[in-house]
Amino acid sequence: MTQANAAAAANHDLVQQLRDSRLNNGLKHFIGGQWVDGQAGKTFDTHSPVDNAFLAKVAEGDAQDIDRAARAAHDAFQTWREVSGAERRKILHRVADLIEKRSQEIAVLESTDTGQAIRFMKSAAARGAENFRFYADRAPAAQDGQSLPAPGFINYSMRQPIGPVGVITPWNTPFMLSTWKIAPALAAGCTVVHKPAEWSPVSATLLAEIMDEAGLPKGVHNLVHGFGESAGKALTEHPLIKAIAFVGETTTGSHIMRQGADTLKRVHFELGGKNPVVVFDDADLDKALDAVVFMIYSLNGERCTSSSRVLIQEGIYDEFTRRIAERAAKIRVGDPLDPDTEIGPLAHPRHFDKVMSYFDKAKEEGATIAEGGVRVGDSGNFVRPTLFTGARNDMRIAQEEIFGPVLTAIPFADEADALALANDVKYGLAGYLWTNDVTRAHRFAHGLEAGMIWVNSENVRHLPTPFGGVKNSGIGRDGGDYSFEFYMETKNIAISLGTHKTARLGVGQAPAVGQKEAGE
Ligand code: NAD
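Throughout this document, residue positions are counted from 1 along each chain, in the order its sequence is written. Under the rules for a predicted model, residues below a pLDDT of 70 receive no local features and side-chain atom pairs below 80 are neither given nor counted, while totals for whole chains, interfaces and linings still include all residues. For side-chain calculations, the full set of non-hydrogen atoms in the structure is used, while hydrogens and water are omitted.

Caption draft 1: Spatial organisation of the sheet that holds strand S12 (residues 309-313). Paired strands are those between which DSSP finds at least two bridges. Helix numbering and strand numbering both begin at the N terminus, where a helix is a DSSP run of H or I of at least 4 residues and a strand a DSSP run of E of at least 2. Taken in spatial order, the seven strands line up as S13-S14-S15-S12-S11-S17-S18 in an open sheet, and their pairing is mixed. The open sheet has two free edges, formed respectively by strand S13 (368-371) and strand S18 (452-455), since each of these has just one partner strand. Pairs of neighbouring strands in the sheet enclose a mean axial angle of 25 degrees, with direction left out of account. Summarising the sheet, strand S14 (residues 386-389) and strand S15 (residues 406-412) pair through three bridges and their orientation is parallel. Bridge assignment links Leu387 to a residue of S15, and that residue is Leu407. We call two residues contacting when some pair of their heavy atoms lies within 4.5 Å. To get an axis, fit a line to the C-alpha atoms, keeping to the stretch in contact for a helix; angles then go from 0 to 180 degrees between the N-to-C directions. Strand contacts of helix H12 (residues 349-365): S13, S14 and S15, with the helix running at about 20 degrees to S14, the strand carrying the most contacts.

Caption draft 2: How the structure looks around the UniProt feature "active site" (unreviewed entry) in the protein chain. UniProt positions are given in the numbering used here, feature names are shortened, and annotations may be inferred rather than shown by experiment. According to UniProt, the positions carrying the feature "active site" (unreviewed entry) are Glu270. Among the structural elements, Glu270 can be located in strand S10 (residues 266-270). Once residues lying within four places of it in the same chain are set aside, the contact partners of Glu270 are Trp180, Lys181, Phe246, Val247, Gly248, Phe467, Ser473 and Asp478. Polar contact criterion, stated in full: a pair of N or O atoms within 3.5 Å, where within protein one must be able to donate a hydrogen and the other to accept it, and residues adjacent in sequence count only if both atoms are side-chain atoms. Separated by 3.0 Å, the side chains of Glu270 and Lys181 make a polar contact.

Caption draft 3: Structural view of the site of the ligand. Nearness is defined per residue: one heavy atom within 4 Å of the molecule or strand is enough. The environment of the ligand is made up of 29 residues, and the closest members are Lys195, Glu198, Thr252, Leu271 and Glu401. Between the ligand and Thr252 there is a distance of 2.6 Å, counted from an oxygen atom to a side-chain nitrogen or oxygen. Within the side chain of Glu401, a nitrogen or oxygen atom sits 2.6 Å from an oxygen atom of the ligand. Note on areas: Shrake-Rupley, 1.4 Å probe, and residue coverage restricted to the protein chains presented here. For the ligand, whose free accessible area comes to 850 Å², the fraction covered by protein is 93%. Elements that contribute at least two residues to the shell around the ligand include exactly helix H8 (228-237), strand S9 (243-247) and helix H9 (250-259).

Caption draft 4: Up close: the packing of helix H14 (residues 415-423) against helix H15 (residues 438-447). With their axes 10 Å apart at the nearest point, H14 and H15 run at an angle of 30 degrees to one another. Regarding the angle of H14 to H15, the classification is roughly parallel. Our pair here, H14 against H15, has a crossing hand that is right-handed. Along its contact with H14, which presents Glu415, Ala418, Leu419 and Asn423, the element H15 presents Arg440, Arg443, Phe444 and Gly447. In this count, Pro and Cys sit with the nonpolar residues alongside Ala, Val, Leu, Ile, Met, Phe, Trp and Tyr, while Asp, Glu, Lys and Arg are called charged and the others, Gly among them, polar. Of the residues that constitute the contact of H14 with H15, the class distribution is three nonpolar, two polar and three charged. Roughly parallel covers angles under 35 degrees, roughly antiparallel covers those over 145, roughly perpendicular covers 65 to 115, and oblique covers all other angles. Helix crossings get a hand from a simple test, with the near helix turned counterclockwise from the far one by less than a right angle marking a left-handed crossing and a clockwise turn marking a right-handed one.

Caption draft 5: Layout of the domain arrangement of the protein chain. For every domain, the bounds stem from an assignment made automatically or drawn from a database. According to the domain assignment, the protein chain contains domain 1 (3-271 + 473-490) and domain 2 (276-462). Just the C-alpha atoms count here: the centres of domain 1 and domain 2 sit 30 Å apart. The partner domain 2 presents 33 residues to the 31 residues of domain 1 that form the contact. Each partner contributes to the roughly 2,700 Å² buried at the junction of domain 1 and domain 2, and carbon and sulfur atoms together form 58% of this total. By the criterion of area lost to domain 2, the three top residues of domain 1 are Arg119, Trp199 and Ser473, representing 22% of everything that side buries. Throughout, the accessible surface (probe 1.4 Å) given up by two parts as they are put together, summed over both, is called the buried area.

Caption draft 6: The nonpolar core, seen in detail. By size, the foremost hydrophobic cluster in this structure holds 99 residues, and its most contacted members are Ile99, Phe132, Leu186, Val279, Tyr297, Val310 and Ile324. Judged by nonpolar contacts, the second largest core, of 27 residues, contains Phe352, Val355, Ala398 and Ile410. The nonpolar core is taken to be a set of buried Ala, Val, Leu, Ile, Met, Phe, Trp, Tyr and Cys residues, with the residues joined through side-chain atoms within 4.5 Å. For the exposure calls, accessible area comes from a 1.4 Å probe over protein chains only, and a residue counts as buried if that area is under 20% of its type's maximum, exposed if over 50%, partly exposed in between.

Caption draft 7: Focus on unusual backbone geometry. Even without a glycine there, the phi angle at Phe403 is positive, about 65 degrees. On the secondary structure map, Phe403 appears in the loop between helix H13 (396-399) and S15. The class for Phe403 is buried, based on a relative accessible area of 16%. Look at Lys471: it is not a glycine, yet its phi comes out positive at around 50 degrees. Within the element layout of this structure, Lys471 appears in strand S19 (residues 470-471). A residue is classified by how much of its surface remains accessible, and Lys471, at 35% relative accessible area, is partly exposed.

Caption draft 8: Just the environment of Ala430, in detail. Within the secondary structure, Ala430 is located in strand S17 (residues 430-434). Once the C-alpha coordinates of Ala430 and Asn275 are considered, the two residues, 155 residues apart in sequence, prove to be 5.5 Å apart. Once residues lying within four places of it in the same chain are set aside, the contact partners of Ala430 are Asn275, Pro276, Thr305, Ala450, Met452 and Trp454.

Caption draft 9: Layout of the environment of Lys363. Among the secondary structure elements, Lys363 is positioned in helix H12. Between the C-alpha atom of Lys363 and that of Asp417, which follows or precedes it by 54 residues, the distance is 25 Å.

Caption draft 10: Summary view of helix H7 (residues 202-213). Expected helix span is computed as 1.5 Å times (number of residues minus one). End to end, H7 covers 17 Å across 12 residues, agreeing with the expected 16 Å (1.5 Å per residue, within 8%). Most of H7 is tucked away, with 10 of its 12 residues classed as buried. All of the buried residues along H7 are Val202, Ser203, Ala204, Thr205, Leu206, Leu207, Ala208, Glu209, Ile210 and Met211. Phi turns positive, to about 95 degrees, at Gly215, one or two residues after H7.

Caption draft 11: Molecular detail of helix H10 (residues 285-297). Its 13 residues place the ends of H10 18 Å apart at the C-alpha level, agreeing with the 18 Å of an ideal helix rising 1.5 Å per residue. Inspection of H10 places Ala288, Leu289, Ala291, Val292, Val293, Met295, Ile296 and Tyr297 among the buried residues, and these make up the whole buried set. For H10, the secondary structure elements touched by its buried residues are strand S11 (276-279), S12, helix H11 (314-329), S14, S15 and S17. Capping of H10 at its N-terminal end is provided by Asp284; its side-chain oxygen lies 3.3 Å from the backbone amide nitrogen of Asp286. Leu299 lies just past H10 and shows a positive phi near 50 degrees.

Caption draft 12: Spatial organisation of the UniProt feature "domain: Aldehyde dehydrogenase" (unreviewed entry) in the protein chain. UniProt records the feature "domain: Aldehyde dehydrogenase" (unreviewed entry) for residues 35-493 in the present numbering. Across residues 35-493, the secondary structure splits into 41% helix and 20% strand, with the terminal C-alpha atoms separated by 42 Å.

Caption draft 13: Geometry of the packing of aromatic side chains. Classification of ring pairs uses Phe, Tyr and Trp, with its six-membered ring standing for Trp, and accepts pairs whose centres are within 6.5 Å; under 30 degrees between planes counts as stacked, over 60 as edge-to-face, and the remaining range as tilted. Counted according to the given criterion, the structure contains 15 aromatic pairs. Arranged with centres 5.1 Å apart and planes meeting at 70 degrees, the rings of Phe280 and Phe412 form a pair that is edge-to-face. Residue Phe280 is located in the loop between S11 and H10, and its partner Phe412 is located in strand S15; the two are separated by 132 residues in the primary sequence. With a centroid separation of 5.0 Å and 70 degrees between ring planes, the pair formed by Phe486 and Tyr487 is classed as edge-to-face. For the pair Phe486 and Tyr487, one class covers both residues: buried. In this arrangement the basic side chain of Arg88 is found over the ring face of Trp80, its NZ or CZ atom lying 5.9 Å from the centre. Positioned over the ring face of Phe280 is Arg440, at 3.8 Å from the centre of the ring. Remark: a charge is flagged as sitting over a ring if the NZ atom of Lys or the CZ atom of Arg is within 6 Å of the ring centre and within 35 degrees of the ring normal.

And the structure:
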């Protein structure tokens, strides 16, 4: 048995133990510090995308459960908001410690529940811990404001937590994304109701357990499982919930905005993308190739910042696409629990059908399937990493978010052409640029319609930097202090130094009854 086979076998054993010891008991809501069934007693089944076999029974939340959770979060807010930043810091570091301690369990369950390869889910668990540490250290300064002196006044601002917030997350890398939203909310002094995606409920349950064990007071973090149209909708409409942090599809973002209108919800949206990677002929093409291949075929291509459109300068188009195809053909697709696997099964049969449908669309539109374009095996949601060539930017394969390991390659003539193509989509999350011309790099980055741009690099995150999109890719920014701007209200306090003059009204002769005022 090779080392990788032995590690895969050990991971499968661990999953079996966890199925027997925990998943078989079902997944409950966590409300006000208690593990509870839904009030209506309904459940739904979740399946593993490896073989689409039953994984766990999950409590199906509805408006009543959301109401209970929102009330618990509201009650807990009254005390959590007063807990010192230093104390919040300690608790959040304990959460990070426990995530690290249980990272193997988190990684194998996340792989089993989502189909993401274990090699990436290990680092996703580590990043979850890092998210908590990062915001733990910022908790003591979260309320800091500015001093803005004016003639006769001292103005100072401070920030206060907005209140209980709703966090709604997708299924692609659910553990990491949940920590990215929940850690700053708690550091800011908000309480949380989390509604995870119905296709991947397992790791949210682990996170709730970990936060409880770390000593987070009851009701500060609540978890309600369920479907978007019922539990998610009720959360966005609840009057006690002051803001919604949402990661998911663009169309769902529009629904949430409408649903939250009556209660004037503050919203933060991280939505879809159709991110370009632009390769000029003067670039370091070996490095560019590594990055292009990584940014579309890692994480099953189920990644909001994936570079799913590669724009390549005409003179190098044929050779560069040939090299992408060669690499894609060697990518290992298979068991997500095997450390050698690079692409696992797609998250759900419905998503698998969606991704497969683009293979037909590509042919209908006249593009060429240079690599992949087929499923792998007869069961499970496995697809070959795919490359479309001979594509135009107005084709659906170039405009729509496929959210799988599927890359569309488009040639361009010059810089102006590349910029026009890059910007000709409704999305604007990330952009990647490969050139050794530093002046062009800046010029192009300034013109590119995207919230985040990497020059001569794949997506390498630095947590203090702003994360978010423009156009249909989102509203607002996460990261560093940006997250606190969302989870907190800024208050200004103006103190007079007693030197200013207040205009005096009502000190003249009172007008006689019936006498006309001047100006009438
Ligand atoms: P989705 O929008 O279908 O679901 C996301 C969450 O919203 C789920 O928890 C779902 O139950 C809930 N939901 C659905 N309808 C709702 C409603 N009417 N009211 C309230 N909640 C509702 O998205 P998905 O398919 O789970 O995730 C994939 C999408 O997420 C892709 O478009 C991807 O680009 C995006 N994404 C974006 C980022 C980013 O940072 N920009 C990161 C990861 C994923």
